Amino acid sequence: MLSGRGLGAIDAQTRQALEQILELFTEVGGLVVQTTAGDISVTRDFPSDYTVQVDRLLGEIFKNNSAVTGIKSLGAENAHTATPDDPHWSAHGKAYAGIEEAAARGELTPEAAIVAYRRLAKP
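Figured I'd write up the structure that's included with this text. (Residues numbered from 1 in each chain as written. Predicted model: local features only at pLDDT ≥ 70, side-chain atom pairs only at ≥ 80, totals over all residues. Heavy atoms only, no water.)

### As for the pairing of strand β3 (residues 38-43)
For step 1, the next point in the chain: Summarising the sheet, strand β1 (residues 2-3) and β3 pair through two bridges and their orientation is antiparallel. Within β3, the position partnered with Leu-2 by the bridge is Val-42.
For step 2, the next point in the chain: Note that strand β2 (residues 30-35) and β3 share six bridges and pair antiparallel. The residue of β3 that forms the bridge with Val-33 is Ile-40.
For step 3, the next point in the chain: Linking β2 to β3, which pair antiparallel, is a turn of two residues. (Pairing = 2+ DSSP bridges. Helix = DSSP H or I, 4+ residues; strand = E, 2+ residues; numbered from the N terminus.)

As structure tokens, this is what we get:
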């Protein structure tokens, strides 16, 4: 999501490069691009749908293979175990999904969604 006075200075190639930067650096919430026409805020149109894809895949695993009862991420500080009843990559998965749905309905701006995601991520 790009917004700001300098928006006209950003061409399609630059927009694509900025999107790729945010995809590569998932821990970065956004960028400020300085142009001769003014600053532009670049934020994720969350959830950079990887979380939705991961949750969907987890749900499919549990649906298609009843022998699988849990999937835990290795190396995570606060590891969450996804289960058939809670097929989310994160302990906050249901909350993340709710934020995404609210953003998709237009009830949250991308910036507000990022703030909500960050609140969930705080210990």
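There's more to say after this.
### Considering the side chain of His-80
For step 1, the next point in the chain: Secondary-structure assignment places His-80 in the loop between β4 (71-72) and β5 (81-82).
For step 2, the next point in the chain: Polar contacts involving the side chain of His-80 include one to the side chain of Asp-86, which spans 3.4 Å.
For step 3, the next point in the chain: In terms of polar contacts, His-80 uses its side chain to reach the backbone carbonyl oxygen of His-88, at 3.3 Å.
For step 4, the next point in the chain: Excluding its chain neighbours within four sequence positions, the residues that come into contact with His-80 are Ile-71, Lys-72, Ser-73, Asp-86, His-88, Trp-89, Ser-90 and Ala-91. (Polar contact = N/O pair within 3.5 Å; in protein donor to acceptor, adjacent residues only side chain to side chain. Contact = heavy atoms within 4.5 Å.)

### Topic: helix α2 (residues 50-64)
For step 1, the next point in the chain: Taking 1.5 Å per residue, 15 residues should reach 21 Å; α2 reaches 21 Å between its end C-alpha atoms and fits that length.
For step 2, the next point in the chain: Restricting attention to buried positions, one finds in α2 the residues Thr-51, Asp-55, Leu-58 and Phe-62. Summarising the axial view, the buried residues of α2 lie within an arc of 60°, below the 170-degree limit, and thus occupy one face. With respect to the buried face of α2, the exposed residues turned more than 90 degrees away are Lys-63 and Asn-64.
For step 3, the next point in the chain: Buried residues along α2 sit in contact with β4, β5 and α3 (93-104). (Expected span 1.5 Å × (residues − 1). Buried < 20%, exposed > 50% of the residue type's maximum accessible area, 1.4 Å probe, protein only. Arc of directions from axis to C-beta.)

### Re the sheet that holds β3
For step 1, the next point in the chain: The three strands are arranged β1-β3-β2 in an open sheet whose pairing can be described as antiparallel. Both edges of this open sheet fall to β1 and β2, since each of them pairs with a single strand only.
For step 2, the next point in the chain: Strand contacts of helix α1 (residues 12-24): β1, β2 and β3, with the helix running at about 150° to β2, the strand carrying the most contacts. (Axes fitted to C-alpha atoms, helices over the stretch in contact; angles between N-to-C directions.)

### Observations concerning the pattern of salt bridges
For step 1, the next point in the chain: Across all of its chains, the model carries two salt bridges by this definition.
For step 2, the next point in the chain: With its nearest N and O atoms 2.9 Å apart, the salt bridge here joins Glu-60 to Arg-56. Pair noted here: Glu-60 and Arg-56 are both in helix α2, with a separation of four residues, about one helical turn.
For step 3, the next point in the chain: Glu-107 is paired through a salt bridge with Arg-105; the nearest N and O atoms lie 2.9 Å apart. There is no split in this pair, since Glu-107 and Arg-105 are both exposed. (Salt bridge = Lys/Arg side-chain N within 4 Å of Asp/Glu carboxyl O.)

So far we have only geometry, and geometry alone does not tell us how the molecule works.
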